[in-house]
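Examination of the molecular architecture
Chain by chain, the residues run as shown.
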Amino acid sequence: MKAEIIGVDVKDLEDLRSLEEKLKKAARLIRKGGLVAFPTETVYGLGANALDREAVRRIFKVKERPMDNPLIVHVSDMKMAESVAEMNEVALRLARKFFPGPLTLVVQKKELIPPEVTAGLKTVAIRMPCHAVALKLIELAEVPIAAPSANLAGKPSPTKAEHVIEDLGERIDLIIDGGETNIGVESTVIDTTVHPLEVLRPGGLPLEKIRELADVREVDGFKEVTAPKSPGMKYRHYAPNAELMVFYGKKDDVRRRIEEKCLELSKKGFKVGILAMDSEAYSGLEAEVVEIGTSVEEAAKNLFSALRELDRTADVIIAEGVEEKGLGWAVMNRLKKAGKFYRV
Ligand code: TXA
Ligand code: MG
């Protein structure tokens with residue numbers, strides 16, 4: 001089966017009526033149990049009716065995702081959220097401030113959500129995406145949409161429709177192409193059922209912002225976790241096929257180490273790719289250099305796409321670490337999970 005592709009022009013987003021016409025078909029497909037990939041402000045999602053257990057099972061199958069890794073349920077308004085989840089006081093406080101936006105709240109689930117969605121957990125992850133296409137799609141479908149990132153399990157998340165086509169183009173019903181996603185890393189996942197709250201995944205909403213409203217504790221998902229709080233923590237993630245090495249520390253030291261490593265590897269005959277904030281620094285080297293930008297926001301936006309690009313040619317990818325502040329925290333989390341980390 002080849003997915004049909006619908007293009008939505010970003011300019012249309014202002015014209016909600018024309019957008020609605022385009023998305024009606026996608027919404028009908030969701031209601032009939034189909035799988036539809038759609039853009040959000042973070043990454044592309046692979047959506048199914050969250051109340052349809054057969055459709056949800058298909059998500060796991062086409063992504064080759066382990067069944068014990070639960071899905072995020074996407075809603076278009078608070079009424080829909082309350083129909084499937086117990087929105088506790090702190091969850092409501094965070095939702096009021098950050099919904100719609102790149103934040104996912106883990107709360108107690110209600111009966112309506114089948115166990116396939118939550119991998120049997122009593123909690124459910126709720127998110128209201130800040131993207132006109134995603135919101136309109138959920139609203140028209142009139143059901144909450146369960147959606148993981150629209151990549152094959154373990155691969156970098158898709159920030160462009162082409163990435164979805166590459167991984168899932170032959171396995172799903174429809175892809176809504178809304179251009180490149182804005183933030184580029186997935187939502188921040190917060191467990192609101194514990195005190196203090198716990199960050200299960202750093203993401204598109206910086207922790208500093210959440211801390212203005214609530215006490216939040218970091219759980220170390222970087223180490224080997226035996227009984228992970230968030231099942232997603234225990235799997236290898238975001239990983240290109242090439243080996244990935246991440247160097248982190250003072251800028252000049254990092255650059256020197258990367259140069260040395262690159263020379264060493266190319267002498268041995270390996271094709272090297274470098275993921276750099278600024279490509280100038282590596283212009284003399286025998287390596288494919290992809291620049292992800294000098295701010296953490298740019299780095300977040302370009303990270304997954306750059307990993308996919310380098311993966312086409314490189315045997316080994318060497319990346320510069322970024323400062324673990326704001327979105328940089330999410331970028332480093334993805335790099336650490338995808339590869340080996342060296343402090344210089
Ligand atoms: O930005 C995003 O969050 C994107 C877009 C499409 O919305 N979605 C996304 O979904 O990244 P996914 O499936 O790739 O990641 C969901 C994460 C996983 O780490 C999973 O373990 C965690 O959320 N999760 C889901 N339900 C949970 C629950 N009830 N308790 C703890 N963690 C949960
Ligand atoms: Mg994912």
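Refer to the structure above for everything that follows.
Only a predicted model underlies this, so the values are computations on that prediction, with no experimental measurement involved.

So, on to the packing of aromatic side chains. Counting across every chain of the model gives 2 aromatic pairs. Ring geometry for phenylalanine 247 and tyrosine 342: centres 5.3 Å apart, planes at 25°, overall stacked. Here tyrosine 342 lies in strand β17 (residues 340–343) and phenylalanine 247 lies in strand β13 (residues 243–248), a separation of 95 residues in the sequence. Tyrosine 342 sits in the partly exposed class, given a relative accessible area of 28%.

Two quantities define a packed helix pair, namely the angle between the axes and the distance from one axis to the other. Put simply, helix α10 (residues 296–311) and helix α11 (residues 327–338) touch, their axes get as near as 8 Å, and they point 35° apart. When the axes of α10 and α11 are compared, the crossing they make is left-handed. Contacts between α10 and α11 involve Val296, Glu297, Ala299, Ala300, Leu303 and Phe304 from the former and Leu327, Gly328, Val331, Arg334 and Leu335 from the latter. Tallied by class, residues from the contact of α10 with α11 come to 8 nonpolar, 1 polar and 2 charged.

Inspection of the entire model under this criterion finds 25 salt bridges. A salt bridge links arginine 127 to glutamate 41, with the shortest nitrogen-to-oxygen separation between them at 3.0 Å. On the criterion of sequence distance, the pair formed by arginine 127 in strand β7 (residues 123–127) and glutamate 41 in the loop between β2 (36–38) and β3 (45–49) is long-range, its members being 86 residues apart. Among the residues examined, arginine 127 registers a relative accessible area of 2% and is labelled buried.

Moving on to the sheet that holds strand β15 (residues 288–291). A sheet is described by the order of its strands in space; here 5 strands give the open sequence β15-β14-β16-β13-β17, paired in parallel fashion. The outermost strands of the open sheet, each flanked by one partner alone, are β15 and β17. Shown here is a sheet whose adjacent strand axes are inclined to one another by a mean of 20°, direction ignored. Strand direction decides the pairing type here: strand β14 (residues 272–276) and β15, joined by 4 bridges, are parallel. Its bridge partner lying in β15, isoleucine 274 is registered against valine 289. Packing of α10 onto the sheet brings it into contact with β13, β14, β15 and β16 (316–320), and relative to β14 it is tilted by some 165°. Running over the sheet, α11 touches β13, β14, β16 and β17 and is turned about 135° from β13.

Moving on: the side chain of glutamate 41. Look at glutamate 41 and you get buried, because its relative accessible area is 5%. Within the structure, the side chain of glutamate 41 is placed 3.0 Å from the side chain of arginine 127, a separation counted as a polar contact. With residues near it in sequence (within four places) discarded, glutamate 41 still touches Gly101, Pro102, Arg127, Pro129, Cys130, His131, Thr181, Asn182, Ile183 and Gly184.

This next bit is on helix α4 (residues 89–98). Residues separated by three or four positions in an α-helix point in the same direction, a consequence of the helix having 3.6 residues per turn. Buried residues of α4: Val90, Ala91, Leu94, Ala95 and Phe98, and no others. All buried residues of α4 fall inside an arc of 135° around its axis, so they share one side. Of the exposed residues in α4, the ones pointing more than 90 degrees away from its buried face are Glu89, Arg96 and Lys97. If you follow the buried residues of α4, they end up packed against α3 (78–84), β6 (103–109), β11 (197–201) and α8 (207–211). Residue asparagine 88 occupies the N-cap position of α4, its side-chain oxygen lying 3.2 Å from the main-chain nitrogen of valine 90.

Cut-offs used in this document
- The residue numbers shown here count from 1 along each chain, following its written sequence.
- Ligands are numbered from 1 and chains lettered from A, in the order in which they are written.
- The model is predicted, so local features are restricted to residues of pLDDT at least 70 and side-chain atom pairs to those at 80 or more, both for listing and for counting; the totals for chains, interfaces and linings are taken over all residues.
- Water and hydrogen atoms were dropped before computing side-chain values, which therefore reflect all heavy atoms in the structure.
- Classification of ring pairs rests on two measures: the distance between centres of Phe, Tyr or Trp rings, Trp counted by its six-membered ring, which must be within 6.5 Å, and the angle between planes, read as stacked under 30 degrees, edge-to-face over 60 and tilted in between.
- Each helix is a run of H or I in the DSSP string that is no shorter than four residues. Each strand is a run of E no shorter than two, and both are numbered from the N terminus.
- Throughout this description, buried means an accessible area under 20% of the type-specific maximum (1.4 Å probe, protein chains only), exposed means over 50%, and partly exposed covers the range between.
- Orientation is described by lines fitted to C-alpha atoms, with helices fitted over the stretch in contact, and by angles between N-to-C directions that extend from 0 to 180 degrees.
- The sense of a crossing depends on the near helix, which, turned anticlockwise from the far helix by less than a right angle, makes the crossing left-handed and, turned clockwise, makes it right-handed.
- Only heavy atoms enter the contact rule, under which two residues are in contact if any of them lie within 4.5 Å.
- Polar here means any residue other than Ala, Val, Leu, Ile, Met, Phe, Trp, Tyr, Cys and Pro, which are nonpolar, and Asp, Glu, Lys and Arg, which are charged; Gly is therefore polar.
- Each salt bridge in this description consists of a side-chain nitrogen of Lys or Arg and a carboxyl oxygen of Asp or Glu lying within 4 Å of one another.
- Note: two strands are recorded as paired if DSSP finds a minimum of 2 bridges between them.
- The term polar contact refers here to a pair of N or O atoms within 3.5 Å; inside protein, the definition further demands a hydrogen-donor-capable atom paired with an acceptor-capable atom, and it admits residues adjacent in sequence only when both atoms are side-chain atoms.
- This arc corresponds to the set of directions leading from the helix axis out to the C-beta atoms.

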